[in-house]
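Analysis of the macromolecular model
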Amino acid sequence: MSVKTSLLNRSFRGLLFDMDGTVLNSIAAAERIWTTWAVRHGVDVETFLPTIHGVRAIDTINRLALPGVDAEAEAAWITEAEIDDVEGIVEVSGAANFLKSLPAHQWAIVTSAPRALALRRMAAAGIPEPGVMVTAEDVSAGKPDPAGYRLAAGRLQVDPAECLIFEDADVGIRAGEAAGANIMVITATHVHPLQTRHATLASYDSVTSHVDANNLIRLHFL
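Residues numbered from 1 in each chain as written. Predicted model: local features only at pLDDT ≥ 70, side-chain atom pairs only at ≥ 80, totals over all residues. Heavy atoms only, no water.

1. Side note on the pattern of salt bridges
The final tally for this structure, using the stated rule, is 11 salt bridges. With a closest N to O distance of 2.9 Å, glutamate 167 and lysine 143 form a salt bridge. Note that glutamate 167 is positioned in strand β7 (residues 163–167) and lysine 143 in the loop between β6 (132–134) and α8 (147–155), a separation of 24 residues in sequence. A single burial state applies to glutamate 167 and to lysine 143, both of which are buried. In this structure, aspartate 170 and arginine 174 form a salt bridge, with 3.0 Å as the shortest nitrogen-oxygen distance. Of the two residues, aspartate 170 and arginine 174 both sit in helix α9 (residues 170–179), 4 residues apart, roughly one turn of that helix. (Salt bridge = Lys/Arg side-chain N within 4 Å of Asp/Glu carboxyl O. Helix = DSSP H or I, 4+ residues; strand = E, 2+ residues; numbered from the N terminus. Buried < 20%, exposed > 50% of the residue type's maximum accessible area, 1.4 Å probe, protein only.)

2. Looking at the pairing of strand β10 (residues 207–211)
Bridge count between β10 and strand β11 (residues 217–221): 5 bridges; the pairing is antiparallel. Along β11, the bridge assignment pairs threonine 208 with histidine 220. The loop that links β10 with its antiparallel partner β11 comprises 5 residues; one of these, asparagine 215, has a positive phi angle of about 60°. (Pairing = 2+ DSSP bridges.)

3. Re the packing of aromatic side chains
Throughout the structure, instances matching the rule amount to 10 aromatic pairs. Ring plane angle 50° and centroid distance 6.4 Å describe the contact between phenylalanine 17 and tyrosine 204, whose orientation is recorded as tilted. Taken together, the positions of phenylalanine 17 in strand β2 (residues 14–17) and tyrosine 204 in the loop between β9 (199–201) and β10 put the pair 187 residues apart, joining distant regions of the chain. Classification of phenylalanine 17 as buried rests on a relative accessible area of 0%. Judged by centre distance (5.6 Å) and plane angle (65°), the ring pair of tryptophan 34 and phenylalanine 48 falls under edge-to-face. (Phe/Tyr/Trp six-rings, centres within 6.5 Å; stacked < 30°, edge-to-face > 60°.)

4. What to know about the packing of helix α2 (residues 27–40) against helix α5 (residues 71–84)
Axis separation between α2 and α5 bottoms out at 9 Å; the angle between their running directions is 145°. Considering how the two elements wind past one another, α2 and α5 form a crossing that is right-handed. Between α2 and α5, the contacting residues are Ala30, Ile33, Trp34, Thr36, Trp37 and Arg40 on the first element and Glu74, Trp77, Ile78, Ala81 and Glu82 on the second. Classifying every residue of the contact of α2 with α5 by side-chain character gives 7 nonpolar, 1 polar and 3 charged. (Axes fitted to C-alpha atoms, helices over the stretch in contact; angles between N-to-C directions. Left-handed = near helix turned anticlockwise from the far one by under 90°. Contact = heavy atoms within 4.5 Å. Nonpolar A, V, L, I, M, F, W, Y, C, P; charged D, E, K, R; others polar.)

5. As for the sheet that holds β11
Within a sheet, adjacent strands bond to each other through the backbone by hydrogen bonds, running parallel or antiparallel. The sheet built from 3 strands is open, its strands ordered β1-β11-β10 with antiparallel pairing. Strand pairing shows two members of the sheet lacking a second neighbour, β1 (11–12) and β10, which therefore form its edges. In terms of strand pairing, β1 meets β11 through 2 bridges, oriented antiparallel. Along β11, the bridge assignment pairs phenylalanine 12 with isoleucine 217.

6. A short note on the packing of α5 against helix α7 (residues 115–125)
Orientation of α5 relative to α7, taken along the N-to-C sense of each, is 15°, at an axis distance of 9 Å. Comparing the axis directions of α5 and α7 gives the class roughly parallel. The chirality of how α5 crosses α7 is left-handed. Residue-level contacts link Thr79, Glu82, Ile83 and Asp84 of α5 to Ala116, Leu117, Arg120 and Arg121 of α7. Across the contact of α5 with α7, the residue classes tally to 3 nonpolar, 1 polar and 4 charged. (Parallel < 35°, antiparallel > 145°, perpendicular 65-115°, else oblique.)

Rendered as structure tokens:
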């Protein structure tokens, strides 16, 4: 665990969490589906798979600019296949208990997944459903655009600058930065270190939260 000193001395009005790779690990399931799709479309699997994480399916498909491909139809196929395949999806260690310990009106999930898929994966991993959840359908531009995080902060009725965002992927980190929020990088699913200027946390087993008399959330690291 590496926590910047500035984060130790901060309190937050809202905590915003990415989903895949941040509160749950769905890498195996996602890569199974996307491998099938890539092979079908003649896309090199080895170079393609690292690009899928943290991004909306439709944005991933559009970025490839494959001739004759209906991106919306293909993204719908991906979503249905991923909803059907939740084998091996688990929480990031300690995530469910940490989320359950937070005030229900002060945290949100912001994910590039469609809502139905997000709910399916969260249920599979035992992650509690938040009162505020921003999914792929809620924004016209996905991460690294900050729209999702700004929308979630607005629904919590807090300024993004008063939020701490938990992220694992480069596109999500850039979205959080663009939103003007503070960032905590979750490294539980990282194979290679992600070089950023932000604090990092390997799991939620080593962090607890405390809410003060002003309804500000302060984190304590064990």
